[in-house]
Amino acid sequence: MSINELIKKTAAEQRKALLNKEVSAVELVQESYKQIEKIDDTLGAFNSLCKEQALQTAQDVDKKLAAGETLPALAGIPLALKDNMNYKGSRTTASSKILENFVSPYDATVVKKLKENYIPIIGKTNLDEFAMGSSNENSAFKIVRNPWDLNKVPGGSSGGSAAAVAGYESAIALGSDTGGSIRLPASFCGIVGLKPTYGRVSRYGLIAFASSLDQIGPFSRSVEDAALLLEAISGYDPNDSTSLNIPVPKYSESLKKDIKGVKIGVIKELFAEGLSDDVRKSLENAIQVYKELGAQIVEVSLPLLKYSIGVYYIIATAEASSNLARYDGVKYGYRTPEAKNLLEMYTKTRAEGFGDEVKRRIMLGTYALSSGYYDAYYKKAQQVRHLIKNDFDKVFETVDVLLSPTCPNTAFEIGSKIEDPLSMYLTDIGTISANLAGIPGISIPCGFDSSNMPVGMQLLAPALQEEKLLNTAYNFERATDFHKCEPSAVLVK
């Protein structure tokens, strides 16, 4: 198999080629950079590259393999890192002007774990500024394009990571998911995206957006790769007070059980009005596949799901308002050159350094937390959040896994929703509730619309039941070929 073909394969297949001495880790990393050079001016997936460090890691892998050492499962496999995770010595910008020249003084915990697993980090990927957005049009630097159609969005906020994997620039990637920011881009780009249980993966070193919702997770071209990467990055971290101190299962070993008798609940509210015909048809076909695999399909209701967007946009913006107060031009980041006094330095720095969407969310959050409105908005939203979580707990007493469309529609044209924030926010109707409840969710490819754009199916499981989630997703993937389809834009020609 040529190296050209190999970079289109899964991480597990690349690993096999490495062990069989068909390719070296250095060649894999170099081929990733060739692909980036070829297409990234068009795609816009990367904000910066980490060539020296990535090649050094690859050389270390080759030396250890030559010496007969046993290495972790993803050693030597190129990975793209979302540019809101600190990687010592690299620029970490969160795709914001306010952090444009910020160089990380330390490694995020996930980065430490990647290093321990000898996974070469090839570069930092573009995102919606501070991870706020559903389309990746809010980056301060450039728009990311969808590898399936360059006129369409890749989804957000982790659009750069998803596009890098779908466009064969890296085999795997990390993103962060606050309200669907891994699952939505995975759906739009036709790949696998997993949001773990809240607390399963350390957030230490992740630039905070909404701290009670943020979670780091994997992108990949197969469910097996997602399981392997989740194993590598999970685990307790004393630096993160929300990190869960429990053992990490061998996720990759739980994939191959059959799913006969597994109860899958189809979420009634997410198959309602507003769902595109193409998405509905793909999901109905997917449900049929599960029936043929022996799963039991039942319709379930989550009556409070309709409140999730309202609740999310109060809690997330309130937490963002608090978290983003630190960017004031004093200690690090951008500082306005045009300030006559301290107050002017604060206001002008923030006005010039933040983009429109970030300012909108800071203002919404500040309002929700302000005197006289806190009880009416933020407190009430937290109470409803608790009720939404109770809805999930109740449903999971009767089913093992939940199924829904990841998004009511497929990827849309660049610029088509940017002037309509409400329409953009509704894109996340299927994904937000999992963050509010703290449960794991995965998006896997399950079909195509009439324009040949990928359709994503979302599966949700109870907290800490990623094994069940991955097993259910893997069985569908093994029975279908959607994950093997190549992006139809010019990128792979």
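As the structure is a computational prediction, the values presented were derived from the model and not from experiment. (Residues numbered from 1 in each chain as written. Predicted model: local features only at pLDDT ≥ 70, side-chain atom pairs only at ≥ 80, totals over all residues. Heavy atoms only, no water.)

**Things to note about the overall build of the chain**
Move 1: Counting its regular elements, the chain contains 16 helices and 11 strands.
Move 2: Expected size for 493 residues packed as a compact globule is a radius of gyration near 23 Å; at 21 Å, the chain falls within 12% of this value.
Move 3: Judged by the C-alpha coordinates and their principal axes, the chain covers about 65 × 50 × 45 Å.
Move 4: Taking all 493 residues of the chain together, the buried fraction comes to 60%.
Move 5: Pairs at least 24 residues apart make up 76% of the contacts formed inside the chain by residues separated by at least 6 positions.
Move 6: Here the chain displays about 18900 Å² of accessible surface, and carbon together with sulfur accounts for 50% of that area.
Move 7: Positive and negative charge centroids in the chain, built from 55 and 59 side chains respectively, lie 3 Å apart. (Helix = DSSP H or I, 4+ residues; strand = E, 2+ residues; numbered from the N terminus. Rg over C-alpha atoms; globule rule 2.2 N^0.38 Å. Buried < 20%, exposed > 50% of the residue type's maximum accessible area, 1.4 Å probe, protein only. Contact = heavy atoms within 4.5 Å. Areas by Shrake-Rupley, 256 points an atom, 1.4 Å probe, with all protein chains shown as cover. Lys, Arg positive; Asp, Glu negative; His and termini not counted. Charge placed at Lys NZ, Arg CZ, Asp CG, Glu CD.)

**A short note on helix α8 (residues 223-233)**
Move 1: The buried count for α8 comes to 10 of 11 residues, which makes it a mostly enclosed element.
Move 2: Within the span of α8, buried status applies to V223, D225, A226, A227, L228, L229, L230, E231, A232 and I233.
Move 3: Looking at the residues trailing α8, positive phi occurs at G235, about 130°.

**Quick word on the state of the cysteines**
Move 1: Going through the model one piece at a time under the given rule, you end up with zero disulfides.
Move 2: C407 takes part in no disulfide bond, and the closest cysteine sulfur, belonging to C446, lies 12 Å away.
Move 3: Accessibility expressed as a relative area gives 3% for C407, which makes it buried. (Disulfide = S-S within 2.5 Å.)

**Describing the pattern of salt bridges**
Move 1: Under the defined criterion, the tally for this structure stands at 14 salt bridges.
Move 2: For D83, the salt bridge identified is with K124, shortest N-O distance 3.5 Å. With D83 in the loop between β2 (79-82) and α5 (109-116) and K124 in strand β3 (residues 121-125), this pair connects stretches of sequence that are 41 residues apart.
Move 3: By relative accessible area, which is 0% here, K124 ends up buried.
Move 4: The shortest N-O distance in the salt bridge between E357 and R360 comes to 2.2 Å. Here E357 pairs with R360, and both are found in helix α12 (residues 356-369), just three residues apart, close to one helical turn. (Salt bridge = Lys/Arg side-chain N within 4 Å of Asp/Glu carboxyl O.)

**Focus on the nonpolar core**
Move 1: In terms of nonpolar packing, the biggest core is built from 93 residues, with L174 and L403 touching the most fellow members.
Move 2: Counting residues per element, this core draws most heavily on helix α3 (residues 25-43), at eight residues.
Move 3: The next biggest cluster of nonpolar side chains, apart from the first, holds 47 residues, and it includes A210, F396, A434 and I439. (Core = buried A, V, L, I, M, F, W, Y, C linked by side-chain atoms within 4.5 Å.)

**Some words on the packing of α5 against α8**
Move 1: Put simply, α5 and α8 touch, their axes get as near as 8 Å, and they point 110° apart. In terms of axis orientation, α5 runs roughly perpendicular to α8. Of α8, the residues touching α5 (which contributes V110, K113 and L114) are L229, A232 and I233.
Move 2: Looking at side-chain class alone, the contact of α5 with α8 contains five nonpolar, no polar and one charged residues. (Axes fitted to C-alpha atoms, helices over the stretch in contact; angles between N-to-C directions. Parallel < 35°, antiparallel > 145°, perpendicular 65-115°, else oblique. Nonpolar A, V, L, I, M, F, W, Y, C, P; charged D, E, K, R; others polar.)

**Observations concerning the pairing of strand β5 (residues 192-195)**
Move 1: Because side chains alternate across β5, one face comprises the buried residues V192 and L194, and the other comprises G193 and K195, equally buried.
Move 2: Examined bridge by bridge, β5 and strand β6 (residues 215-220) share two bridges and lie antiparallel to one another. Its bridge partner being in β6, V192 is matched across the sheet by S220.
Move 3: Relative to strand β10 (residues 441-448), β5 is paired through three bridges, and the arrangement is antiparallel. Note that in β10 the partner of K195 across the bridge is G441. (Pairing = 2+ DSSP bridges.)

**Remarks on a nonpolar patch on the surface**
Move 1: A surface patch of nonpolar side chains, about 380 Å² in accessible area, is lined by V330, L342, L343 and Y346.
Move 2: Following the sequence through the fold, L343 ends up in helix α11 (residues 342-353). (Patch = residues over 30% accessible without salt bridge, like charges linked within 9 Å, V, L, I, M, F, W, Y side chains within 5 Å.)

**Focus: the sheet that holds strand β4 (residues 172-177)**
Move 1: Read across the sheet, 11 strands follow the order β1-β3-β2-β4-β6-β5-β10-β11-β9-β7-β8 without closing on themselves; strand pairing throughout is mixed. Looking at strand neighbours, the two that pair on one side only are β1 (46-49) and β8 (296-300), the edges of this open sheet. Direction aside, neighbouring strands of the sheet carry axes that sit 30° apart on average.
Move 2: Taken strand by strand, α3 contacts β1 and β3, and its axis lies near 30° from that of β3.

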